[in-house]
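Given next are the chains, with one letter for each unit.
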Amino acid sequence: MFRKVLVANRGEIAVRVMRACKELNIGTVAIYSDADKNAGHVRYADEAYNVGPARAADSYLDHEAVIEAARKADADAIHPGYGFLAENAEFASKVEDAEGITWIGPSSNAMEALGEKTKARSIMSEADVPIVPGTTDPVTDPEEVKAFGEEYGYPIAIKAEGGGGGRGMKVVRSEEEVEDQLESAKREGEAYFDNDSVYLERYLEQPRHIEVQIVADEHGNVRHLGERDCSLQRRHQKVIEEGPSAALTDELREKIGEAARRGVAAADYTNAGTVEFLVEEEPGRDGPLGPDANFYFLEVNTRIQVEHTVTEEITGYDIVKRQIRIAAGEEIDFDQDDVEFDGHAIEFRINAENAANDFAPATGGTLETYDPPGGIGVRLDDALRQGDDLVTDYDSMIAKLVVWGEDRDECIERSLRALREYDIEGIPTIIPFHRLMLTDEEFVASTHTTKYLDEEMDQSR
Ligand SMILES: Nc1ncc2cc(-c3cccc4ccccc34)c(N3CC[C@@H](N)C3)nc2n1
Ligand SMILES: [Ca+2]
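Residues numbered from 1 in each chain as written. Chains lettered and ligands numbered in written order. Predicted model: local features only at pLDDT ≥ 70, side-chain atom pairs only at ≥ 80, totals over all residues. Heavy atoms only, no water.

## Focus on the packing of helix α1 (residues 11–23) against helix α11 (residues 319–327)
The cut-off we apply is this: Under this scheme, a helix contributes an axis fitted over its contacting stretch, all axes are lines through C-alpha atoms, and angles between N-to-C directions fall in the 0 to 180 degree range. Put simply, DSSP H or I for four residues or longer makes a helix, DSSP E for two residues or longer makes a strand, and each gets a number counted from the N terminus. Each crossing gets its hand from how the near helix is turned against the far one by less than a right angle, where anticlockwise is left-handed and clockwise is right-handed. We call two residues in contact whenever any of their non-hydrogen atoms come within 4.5 Å of each other. Each residue is assigned to one of three groups, with Ala, Val, Leu, Ile, Met, Phe, Trp, Tyr, Cys and Pro labelled nonpolar, Asp, Glu, Lys and Arg labelled charged, and all others, Gly among them, labelled polar.
Packing of α1 against α11 leaves a shortest axis separation of 9 Å and a crossing angle of 65°. Note on packing geometry: the crossing formed by α1 with α11 is right-handed. Here Arg16, Val17, Ala20, Cys21 and Glu23 of α1 lie close against α11, whose contacting residues are Ile319, Val320, Lys321 and Ile324. For the contact of α1 with α11, the residue count by class is six nonpolar, no polar and three charged.

This is the structure in structure tokens:
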């Protein structure tokens, strides 16, 4: 087992990883930029090293500075968290090559293979994982798109090879739009991802976004830890994640989970990861989707995710400790049928944004009051304390409130109770938005889809 782990991140996820380290009696090393010298994750660590100025490219994203800090600290492993360098195969490869320092994550090869969307689709298709009907090779010519339209009908999604997250997708609703949309998809791919390759998929109008948590060790053991329903998004930013999904029956849950296991096994994937699926809604369904519902592979996230906490709350597994133990060569010591799902959990991302002003990120401020909620079933992952100045150089998420209940109704009630207790003064947050969300009938009925926030919900209430 490692003696000392450097956490190449900041904020709540850095504290989260260091908590796992402490429970494994592993020393903790933090890195920080000039903007973070008084930050909570620095306070929490056994030792901390400055890696550069506030600008992420010159600090948290600086490969050499991070590895140099690991050398100085004599750390024998690096955990990247999420964001920053977590899915950077080049950095992972440098850590793999760095003598005496272990990368806590999937191999750089697995990251490379699954990071290329068309390659990932081919691997999944080979492993009998349903993919959205489409091409597994890039398309360049409008005639190819029209031929696809002839065969599969419209709308068609034109996706950038290097895309993912919210960007890199154009929807073509008729043959007349093909030329323009293909051109702009390629241009956007070139601009955003330095890669103008695009591929096609049938566009699903009303998908639910279901993702399956995977843990895989270096001895061939692959387990899924159930799903999370991330259908509540706003401009491709997740705001609330929950599990289990009220849209799935146990049979469909099992089918999707097994598909995820097959897919990552085929990609020689190890450590923690998430397989994202789109599940096609049956308009006007009343009750969960049955075993014949269509689900399709979307992409693999080759990192620990923000919302891993939802899975931890309903399965009881500490996923971050599993990551560390797997990277240290340990075997997974449970079988798939040992994995049980108990109750319901919802994660609320606490962003320092002003929901009343189109979720504009706060530009600064001090936590005059910071009074987190507590009590049964309430977990708060953060790196904050009263009096902290808000650091606005990075993303706006400052905490995660994760609530567990015996069922979804109790979880919603308890969440409302916790959100009313959560008292933050001095900076704007989206807590009022979350309170509103919990009383929204579509959300309570769980019939919302990925479009709900952007197109349907009346947020003026
Ligand atoms: N063939 C097909 N049909 C419908 C889709 C709908 C989305 C989508 C669109 C809008 C919000 C979403 C939220 C979560 C997951 C997916 C979406 C989508 N995304 C959005 C970005 C990228 N992660 C994939 N791909 C789709 N692909
Ligand atoms: Ca190494």
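Here the narrative resumes, following the displayed structure.
## A closer look at the coordination of the calcium ion (ligand 2)
Convention followed: Any N, O or S atom lying within 2.8 Å of the metal counts as a donor, with the limit raised to 3.2 Å for Na, K and Ca; because water is left out of the atom set, some sites can appear incomplete. Each residue is placed in one exposure class: buried if its accessible area under a 1.4 Å probe, protein chains only, is under 20% of its type's maximum, exposed if it is over 50%, and partly exposed if it falls in between.
At 2.2 to 2.7 Å from the calcium ion (ligand 2) lie its protein donor atoms, namely Val95 (O), Glu96 (O), Ala98 (O) and Ile101 (O). Sequence spacing among the residues donating to the calcium ion (ligand 2) works out to V-E-x1-A-x2-I. Assessed through its relative accessible area of 35%, Glu96 is described here as partly exposed. A relative accessible area of 11% means that Ala98 is categorised as buried.

## Considering the state of the cysteines
Put simply, the test is: The disulfide criterion used throughout: a pair of cysteine sulfur atoms within 2.5 Å.
For the structure on display, the rule yields zero disulfides. Its sulfur unpaired, Cys230 is 14 Å from the next cysteine sulfur, which belongs to Cys411. Of the residues examined, Cys230 reaches a relative accessible area of 0% and is grouped as buried. Look at Cys411 and you get buried, because its relative accessible area is 0%.

## Comments concerning the side chain of Gln336
In plain terms, the rule: In the analysis that follows, any N or O atom pair within 3.5 Å is treated as a polar contact, provided that within protein one partner can donate a hydrogen and the other can accept it, and provided that, for residues neighboring in sequence, both atoms belong to side chains.
The topology assignment puts Gln336 in the loop between α11 and β14 (344–351). Of the residues examined, Gln336 reaches a relative accessible area of 15% and is grouped as buried. Among the polar contacts listed, one links the side chain of Gln336 to the side chain of Arg261, at a separation of 3.4 Å. In this structure Gln336 touches Val222, Arg223, His224, Glu258 and Arg261, once residues within four positions along its chain are discounted.

## Side note on the sheet that holds strand β6 (residues 156–164)
Heads up, the condition is: In this analysis, strands are considered paired if DSSP registers two or more bridges between them.
Judged by pairing direction, the sheet is antiparallel, and its three strands sit side by side in the order β7-β6-β8 without closing on themselves. Unpaired on one side and paired on the other, β7 (167–172) and β8 (198–202) mark the two borders of the sheet. Ignoring which end each strand starts from, the neighbouring axes of this sheet average 25° apart. Pairing of β6 with β7 involves five bridges; the strand directions are antiparallel. Each residue of the ladder has a partner; that of Lys159, found in β7, is Met169.

## A closer look at the packing of helix α4 (residues 89–97) against helix α5 (residues 108–115)
Keep this limit in mind: Geometric relationships in this document are graded by angle, where less than 35 degrees denotes roughly parallel, more than 145 denotes roughly antiparallel, 65 to 115 denotes roughly perpendicular, and other angles denote oblique.
Axis separation between α4 and α5 bottoms out at 8 Å; the angle between their running directions is 165°. Of the possible angle classes, the one that applies to α4 and α5 is roughly antiparallel. Relative to α5, the crossing made by α4 is left-handed. Of the residues in α5, those in contact with Ala89, Ala92, Ser93 and Glu96 of α4 are Ser108, Met111 and Glu112.

## A short note on a negative patch on the surface
Heads up, the condition is: Patch rule: a residue counts if its relative accessible area is over 30% and it has no salt bridge; like charges are joined within 9 Å, and nonpolar side chains (Val, Leu, Ile, Met, Phe, Trp, Tyr) within 5 Å. Areas reported as accessible are Shrake-Rupley estimates using a 1.4 Å probe. Residue values count occlusion only from the protein chains shown. In what follows, salt bridge is the name for a side-chain nitrogen of Lys or Arg lying within 4 Å of a carboxyl oxygen of Asp or Glu. We score Asp and Glu as negative and Lys and Arg as positive, and we do not count His or the chain ends. By convention, charge coordinates are those of NZ in Lys, CZ in Arg, CG in Asp, or CD in Glu.
On the surface, Asp337, Asp338, Glu340, Asp342, Glu406, Asp407, Asp409 and Glu413 cluster together into a negatively charged patch. Mapped onto the secondary structure, Glu406 falls in the loop between β19 (397–405) and α12 (408–421).

## Quick look at the confidence of the model for the chain
Which entries qualify depends on this criterion: For every residue, the pLDDT score states the predictor's confidence, bounded by 0 at the bottom and 100 at the top.
Summing up the model confidence of the chain, the mean pLDDT is 94 and the portion of residues at 70 or higher is 97%. Within the chain, the element-level pLDDT minimum falls on helix α15 (residues 452–456), averaging 69, and the maximum on strand β1 (residues 4–7), averaging 99. For this predicted complex, the interface confidence comes out at an ipTM of 0.94, alongside a pTM of 0.94.

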